[in-house]
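Structural features, examined
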There are 2 protein chains.
Amino acid sequence: MRLSRYFMPILRDAPKEAEIVSHRLMLRAGMIRQEAAGIYAWLPLGLKVLNNICHVIREEQDRAGAIELMMPTIQLADLWRESGRYDAYGKEMLRIKDRHDREMLYGPTNEEMITEIFRSSVRSYKDLPKNLYHIQWKFRDEVRPRFGVMRSREFLMKDAYSFDLDKEAARTSYNRMFTAYLRTFARLGLKAIPMAADTGPIGGDLSHEFIILAKTGESAVFCHEDYLSFDTPGLDVDFDDAAGLQAIVDKWTSLYAATEEMHDEAKFAETPEASRLSARGIEVGHIFYFGTKYSEPMGAKVTGPDGKDVPVHMGSYGIGPSRLAAAIIEAGHDDAGIIWPDTVAPFKVGLVNLKPGDSNCDAACEDLYAKLKGQGIDVLYDDTDDRAGAKFATMDLIGLPWRLVVGPKGLANGVVELKRRGPGAPEQLSVDAALNALTAS
Amino acid sequence: MRLSRYFMPILRDAPKEAEIVSHRLMLRAGMIRQEAAGIYAWLPLGLKVLNNICHVIREEQDRAGAIELMMPTIQLADLWRESGRYDAYGKEMLRIKDRHDREMLYGPTNEEMITEIFRSSVRSYKDLPKNLYHIQWKFRDEVRPRFGVMRSREFLMKDAYSFDLDKEAARTSYNRMFTAYLRTFARLGLKAIPMAADTGPIGGDLSHEFIILAKTGESAVFCHEDYLSFDTPGLDVDFDDAAGLQAIVDKWTSLYAATEEMHDEAKFAETPEASRLSARGIEVGHIFYFGTKYSEPMGAKVTGPDGKDVPVHMGSYGIGPSRLAAAIIEAGHDDAGIIWPDTVAPFKVGLVNLKPGDSNCDAACEDLYAKLKGQGIDVLYDDTDDRAGAKFATMDLIGLPWRLVVGPKGLANGVVELKRRGPGAPEQLSVDAALNALTAS
């Protein structure tokens, strides 16, 4: 993409309203724009990040056997009356009346609707297990939305729902998602620690939050520091191997880890003092097993092997991609701006032309731009008339993994300058060596 | 995907509520499920189709220089008061109050919001032209939603918005989208004819609807039949060549074409009688040039080359991917079910195991399944215990381009059966020949 044709409204100054670093950097980098309290437009750079996050989530959901569909944002109030949550949910639910005065709502979550879809067509235990997910906009009418997309009202959520014949099978489905989440967050460059959690309005008796550690985290967390060096389950995980999945979950829940709400000082004291970690955390995922809480009142039953109808055992599994974009920045930035993990970066390379109009610089840049694109590498080509300092500042701010600088002096010596985002020094390389380095990286 | 693990709730009988063939077939094929009047969930098969349609739209928008972002679904009423449309829009707009009694709405379209985004950051004519688009859910509270996703209340829309310094440049932006639309619909397997159109609540003085012909079309259309054999602009279109784009638009508007609303019998009579085509049509896209209708009241101005501030000239360009899914079925089906164009098909191949449990059949199918997937070919593998007849009926119903049948008799003779969806006869081929045919197709 040529920057001269792109839409990336950079702000030179930090906006006053932004209290946390991710919000500041997302506004400054032209990733998002607030359209109302807690409601944001995702500008082109932000949307690319959001899509990259969703791509990783989707790959890991699919790998774990979950099947994607897409439920609508607007739901009928009557559906929520079946589970008893319509009255219970409170003011966070955005309630709506249509032109015929029918009561509707903007879905804050989808347990009821997916249960309705399931019960309408699945009849036999032979069709189980099933795990259905979607990635769709949700609305929760927070009293005080803040921290940008970290706590917004309209937000994107991946929510998956599992259906099983009994508690044991449901536990395996839970473990599948637990494992998929570990893989997802690791691929997004995050160290996420599963912590036993309260189930809140979703309900149920088994639940974990996935928490990443960040100085600016919203709440205090307490855990054994060995979690930070645990290996993530590999590509070879067998999602059909119930015992193998249980072993992964057992390992990742073997040491102490708790959010403030669930913290138990006495139990924490059993962890050797040198290994006790007290830190701030950000919740990036939340999974629940809630048995027949929805299937029982809503009549989502299958015929078991013995010919009897039983309500299915369910779980739900949420990740917020929009919130993750902010969390990844909280975990990866420096004074100059964002430092994206490769999997999430909106472009892999920022190509900087130091002297547009200079025929050598233009020719070298056009050649590099075409060759990188030909290799399937996503490049942002700064072909604008800005000063060199401003161009470097912009590249640091938006946090692309690689910066490739082409200037008249370097070209006279047959070199361009390649730099990895972060503390390292730039390297002077021939054009071919730079291309090879980027292709190999 | 193994059908035994998929979620594709086929209905054997045509649902009573469905009045048109696309609605019937989408329900029967398990593509969609109604969650409220005019509000649908897209089940896995339907979502794959929807994503494929969006993929083609996105490629052609990007090729034409449009830049993708993502605006939220919920908007502030005050934003629409700036343009004067909040009171004018009527009951089709879903109006909402949040917990603080602020007036909001579920966006039926985004002219106001994109104008707000544009004015907040673009200051100079040097940054023009710009064309920004998103693919987002919209809501229009139709009095009587019907025809399934053809006229639903919550629907997906690609809406692009162009910004130019003056009318002449805006005309080129309009022509870019006109050309991109011709390419988009052709790639989706549709013969779309641009017809001069009324501008309705969007406003402006230049507008075209893109209409496909289908017996079940919602309205009468009248055109010169030569349009049906016009060549579509190729991959080599230069979207920076204003004269070339104008020539394309001139050609595609040179003959008579009008919807019922704009029809002029006297003008139509100038077309030779043998070339006059009266048919039913379905609107699949609509483009508008409306000058400064929004930029003027909302203060979206840039500084021109003469140093003076002028309101920008705008256009908007809509395609409904959810409606297109139905329109493509209206244009392509037979008595047995859907006939998808290759670009849209949810899977390229349906692999049918006639005798699951037979070790030869299972081994041959597993081998074919792995090899096809290895080639990047999307396969739906029917590994269920259904009868052969039911399996064939399902494959015909869901309309995949190719059906590959593996049975014990054929295997004994070293052959499998390959059939293209449609009237042709099946072919008996060796496994390798079948693989080669599918890879080459």
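Because the structure is predicted, anything quoted here is derived from the model rather than measured.

**Brief notes about the relation of the copies chain B and chain A**
For the pair chain B and chain A, the relating rotation is 180°, the translation along its axis is 0.0 Å, and the fit reaches an RMSD of 0.0 Å. Expressed as an axis order, the relation between the two copies is that of a two-fold axis. Relative to the rotation axis, the closest C-alpha in chain B is found at I96(B), a distance of 2.9 Å. A shared binding surface is used by both copies, with 100% of the interface residues of chain B retained as interface residues in chain A.

**Points about the pattern of salt bridges**
The full count for this structure, using the stated rule, is 52 salt bridges over all chains. Between E116(B) and R33(A) there is a salt bridge, with the nearest N and O atoms lying 2.6 Å from each other. Remark: R33(A) occurs in strand β1 (residues 32-36) and E116(B) occurs in helix α5 (residues 111-119); the pair is interchain, linking two chains. What you see here is one network of salt bridges that share partners, running through E59(A), E60(A), R63(A), R183(A) and R187(A).

**Let's talk about the nonpolar core**
With 249 residues, the main nonpolar core has M31(A), W42(A), M31(B) and W42(B) as its most contacted residues. Apart from residues no more than four positions distant in its own chain, W42(A) is found in contact with M26(A), M31(A), I32(A), L47(A), L50(A), W137(A), V149(A), S322(A), A325(A), L69(B) and M70(B).

**Regarding the domain arrangement of chain A**
Residue and element names in this part refer to chain A. Domain boundaries assigned for chain A yield domain 1 (3-338) and domain 2 (349-440). Using C-alpha coordinates to define each centre, domain 1 is positioned 38 Å away from domain 2. Contact with domain 1, which involves 15 residues of that partner, is made by 15 residues of domain 2. In terms of surface lost to domain 2, no three residues of domain 1 exceed L3, R12 and I338, which account for 43% of the buried area on that side. On the surface where domain 1 and domain 2 come into contact, there are 2 salt bridges. For the pair domain 1 and domain 2, the number of links is 8 residue pairs in polar contact (both at pLDDT 80 or more).

**Thoughts on the sheet that holds strand β4 (residues 74-76) of chain B**
Strands pair in a sheet through their backbones, by hydrogen bonds, and they do so in one of two ways: parallel or antiparallel. All names here are of chain B. Overall, antiparallel pairing links the 3 strands, which are arranged β4-β6-β5 in an open sheet. Each of the sheet's edge strands pairs with one partner strand only, and the pair in question is β4 and β5 (94-97). Within the sheet, the average angular offset between the axes of one strand and its neighbour, ignoring direction, is 40°. In this sheet, strand β6 (residues 103-106) lies alongside β5 in antiparallel orientation, the contact comprising 4 bridges. When the sheet's bridge partners are listed, R95 is paired in β6 with L105.

**Examining the side chain of S83(B)**
Residue and element names in this part refer to chain B. With respect to the helices and strands, S83 occurs in helix α3 (residues 77-83). Within polar-contact distance, the side chain of S83 engages the backbone oxygen of W80 at 3.2 Å. A distance of 3.3 Å separates the side chain of S83 from the backbone nitrogen of R85, its partner in a polar contact. Look past the residues within four positions of S83 in its chain and what remains in contact with it is E112, Y294 and M298.

**Observations regarding α5(B)**
Note that an α-helix has 3.6 residues per turn; residues three or four places apart therefore point the same way. The buried count for α5(B) comes to 8 of 9 residues, which makes it a mostly enclosed element. Along α5(B), the residues that are buried comprise E111(B), E112(B), M113(B), I114(B), T115(B), E116(B), I117(B) and F118(B).

Thresholds applied
Each residue is numbered by its place in its chain's sequence as written, counting from 1. Each chain takes a letter, starting from A, and each ligand takes a number, starting from 1, following the order in which they are written. Reporting of local features is limited, given that this is a predicted model, to residues whose pLDDT is at least 70; pairs of side-chain atoms are given and counted only at 80 or more, and all residues count toward the totals for whole chains, interfaces and linings. With hydrogens and water stripped out, all remaining heavy atoms of the structure feed into the side-chain values. All copies are superposed by least squares; the fitting set is the C-alpha atoms of residues with a pLDDT of at least 70 in both. Note on definitions: a residue-residue contact is assigned when non-hydrogen atoms from the two residues lie within 4.5 Å. Salt bridges are counted wherever a side-chain nitrogen of Lys or Arg sits within 4 Å of a carboxyl oxygen of Asp or Glu. A run of H or I in DSSP counts as a helix once it spans at least four residues, and a run of E counts as a strand once it spans at least two, with each numbered from the N terminus. Among the buried residues, those of types Ala, Val, Leu, Ile, Met, Phe, Trp, Tyr and Cys that are joined through side-chain atoms within 4.5 Å form a nonpolar core. Whether a residue is buried, partly exposed or exposed follows from its accessible area with a 1.4 Å probe, protein chains only, as a fraction of its type maximum: under 20%, in between, or over 50%, in that order. Residue ranges assigned to each domain were obtained from an automatic or database domain assignment. Accessible-area loss on putting two parts together, using a 1.4 Å probe and summing over both, is the definition of buried area adopted here. Pairs of N or O atoms are called polar contacts if they sit within 3.5 Å, as long as, within protein, a hydrogen donor faces a hydrogen acceptor (for residues adjacent in sequence, only side-chain-to-side-chain pairs). Strand pairing is assigned whenever DSSP detects at least two bridges linking the two strands. Axis lines are fitted to C-alpha atoms, over the contacting stretch for helices. Their N-to-C directions set the angle, which ranges from 0 to 180 degrees.

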